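Architecture at a glance
Given next are the chains, with one letter for each unit.
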Amino acid sequence: MQKTLALRIDVDTFRGTGRGVPRLCEILDKYHVRGTFYFSVGPDNMGRHLWRLLKPSFLWKMLRTNAAGLYGPEIVFMGTAWPGPGIGKHHGKVMKAAVDAGHEAGFHAYDHHFAQAKLDVMSEKSMHREIGRGMEMLTKILGSSVKTSAAPGWRTNDLLLQVKAAYDFTYNSDCRGFAPFYPVVNGEKLDQLQIPVTLPTYDEALGRDGVTDENYNDFQLSLLKDSELNVLTIHAEAEGGRCAGQFEQYLDAVIKRGYRVVPLGEIAAEVKDSAPAGIMQLTPFPGREGKLATQQPM
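Rules used throughout
- Residues numbered from 1 in each chain as written.
- Predicted model: local features only at pLDDT ≥ 70, side-chain atom pairs only at ≥ 80, totals over all residues.
- Heavy atoms only, no water.
- Salt bridge = Lys/Arg side-chain N within 4 Å of Asp/Glu carboxyl O.
- Helix = DSSP H or I, 4+ residues; strand = E, 2+ residues; numbered from the N terminus.
- Buried < 20%, exposed > 50% of the residue type's maximum accessible area, 1.4 Å probe, protein only.
- 1 Å grid on protein atoms, 1.4 Å probe; cavity = no way out; pocket = protein on both sides within 12 Å on 5 of 7 lines; lining within 4 Å.
- Points joined across faces, edges and corners; volume = space filled by probe spheres on them.
- Nonpolar A, V, L, I, M, F, W, Y, C, P; charged D, E, K, R; others polar.
- Phe/Tyr/Trp six-rings, centres within 6.5 Å; stacked < 30°, edge-to-face > 60°.
- Lys NZ or Arg CZ within 6 Å of the ring centre and 35° of its normal.
- Contact = heavy atoms within 4.5 Å.
- Core = buried A, V, L, I, M, F, W, Y, C linked by side-chain atoms within 4.5 Å.
- Expected span 1.5 Å × (residues − 1).
- Polar contact = N/O pair within 3.5 Å; in protein donor to acceptor, adjacent residues only side chain to side chain.

Focus on the pattern of salt bridges
Evaluated as defined, the whole model comprises 17 salt bridges. Residue Lys30 is joined to Glu248 by a salt bridge in which the shortest nitrogen-to-oxygen separation is 2.5 Å. Of this pair, Lys30 sits in helix α1 (residues 14-30) while Glu248 sits in helix α12 (residues 244-256), and the two are 218 residues apart along the sequence. Accessibility expressed as a relative area gives 51% for Lys30, which makes it exposed. Residue Glu248 is classed as buried on the basis of its relative accessible area of 15%. Between Asp168 and Lys147 there is a salt bridge, and its shortest N-O distance comes to 2.3 Å. A residue pair is termed long-range when its members are at least 10 positions apart, and Asp168 in the loop between α8 (158-164) and β5 (171-172) and Lys147 in the loop between α7 (124-142) and β4 (148-149) qualify at 21 residues. Looking at Lys147, the relative accessible area reads 32%, which means it is partly exposed. Three or more residues joined by partner-sharing salt bridges are found here, namely Arg23, Glu26, Lys30 and Glu248.

Right, dumping it as structure tokens:
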């Protein structure tokens with residue numbers, strides 16, 4: 001994995017799909033690189049996360065990132081007073097255009113808010129329902145099968161991993177960690193590879209430990225490891241919106257440093273026969289409210 005950056009693009013919202021995805025495709029095409037887009041396809045109910053403002057860590061995150069300015073008021077309040085619009089129904093052509101441009105597409109969620117906020121109380125039946133109808137819609141939009149998924153907000157437990165095993169995913173990106181691995185659940189190694197995200201996201205880093213918009217790119221560049229896999233998540237709502245210029249400058253700097261920028265699927269193909277077993281647990285994570293699935297040493 002000499003000088004490798006795997007690029008994951010999370011698409012969580014109606015606005016992020018309609019505006020952010022085309023902008024990111026333009027930037028990536030300019031530099032002749034490809035990434036993996038994880039699409040949410042059902043209703044955009046992301047505004048329902050507002051109840052989390054009662055939690056100090058989430059309130060601080062919203063304040064230090066200027067969430068209203070970063071995401072726009074329609075995202076912050078989407079799906080609160082009325083059901084949110086269907087993302088795939090309105091923006092399916094945008095998703096298909098990204099694939100036609102050579103990017104990899106993966107399943108993120110049907111209802112991103114529900115999948116992230118209700119993980120702890122979801123039954124096996126509920127998980128199958130959410131994944132099943134979301135996968136059916138995304139497959140129909142793209143006109144091809146989908147071989148990868150990523151749990152919203154890196155919220156994953158053993159039950160979700162077992163449910164996903166029933167689907168034809170070659171690999172998933174459900175956790176934070178340090179290297180690709182095959183998850184072990186109840187003593188059994190599952191056959192769906194995990195490619196964890198290794199680098200912090202924009203909203204995790206900004207406003208912490210002296211990181212500002214002015215030095216954010218330098219901060220991220222300092223974290224790259226020449227001889228290990230680097231996996232970065234960007235968001236269509238941020239790097240495809242207000243932070244588009246900043247992301248383009250980062251991408252330019254990464255390429256000038258000699259790094260190859262690839263979709264996660266390319267990494268999965270390279271490591272599928274050599275990746276070890278590993279475990280993941282829900283643990284507190286810097287810059288985030290609540291617990292995230294994190295890769296643990298065996």
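Text resumes after the structure shown.
A word on the layout of surface pockets
The calculated volume of the second largest pocket comes to roughly 170 Å³. Considering the residues around the second largest pocket, the lining is formed by Gly177, Phe178, Thr198, Leu199, Pro200, Leu223, Lys225, Glu228, Leu229 and Asn230. Of the residues that constitute the lining of the second largest pocket, the class distribution is five nonpolar, three polar and two charged.

Quick word on the packing of aromatic side chains
The tally for this structure, following the rule as stated, stands at three aromatic pairs. Residue placement shows Arg176 over the ring face of Trp154; its charged tip is 4.3 Å from the ring centre. Seen from the ring of Tyr182, Lys189 lies directly overhead, with NZ or CZ sitting 5.4 Å from the centre.

Structural notes on the environment of Pro276
Inspection of the secondary structure assignment puts Pro276 in the loop between α13 (264-271) and β11 (277-284). Given a relative accessible area of 49%, Pro276 falls into the partly exposed group. A C-alpha to C-alpha distance of 8.8 Å links Pro276 and Pro183, two positions 93 residues apart in sequence. Beyond its immediate chain neighbours, meaning those up to four positions away, Pro276 contacts Pro180, Phe181 and Tyr182.

Focus on the nonpolar core
Inside soluble globular proteins, nonpolar side chains tend to come together where they are buried. If you look at the biggest cluster of nonpolar residues, it comprises 48 residues, and the most contacted ones within it are Val21, Phe37, Phe39 and Phe247. Sort the elements by how many residues they give to this core and α7 lands first, with six residues. If we ignore the near neighbours within four places in the chain, the residues touching Phe37 are Ile9, Val11, Val21, Leu24, Cys25, Leu28, Ala98, His103, Glu104, Ala105 and Gly106. Core analysis: the second largest hydrophobic core is formed by 18 residues, Ala150, Tyr171, Tyr182 and Ala275 among them.

Concerning α1
The end-to-end C-alpha separation of α1 is 25 Å, in line with the 24 Å expected for 17 residues at 1.5 Å each. The complete set of buried residues in α1 reads Gly16, Thr17, Gly20, Val21, Leu24, Cys25, Ile27 and Leu28. Where α1 is buried, its residues meet β1 (4-11), β2 (36-40), α5 (87-100), β9 (229-235), α11 (238-242) and α12. Capping of α1 at its N-terminal end is provided by Thr13; its side-chain oxygen lies 2.9 Å from the backbone amide nitrogen of Gly16. His32 occupies a position one or two residues after α1 and carries a positive phi of about 60°.

Just geometry here; none of it tells us what the structure is for.
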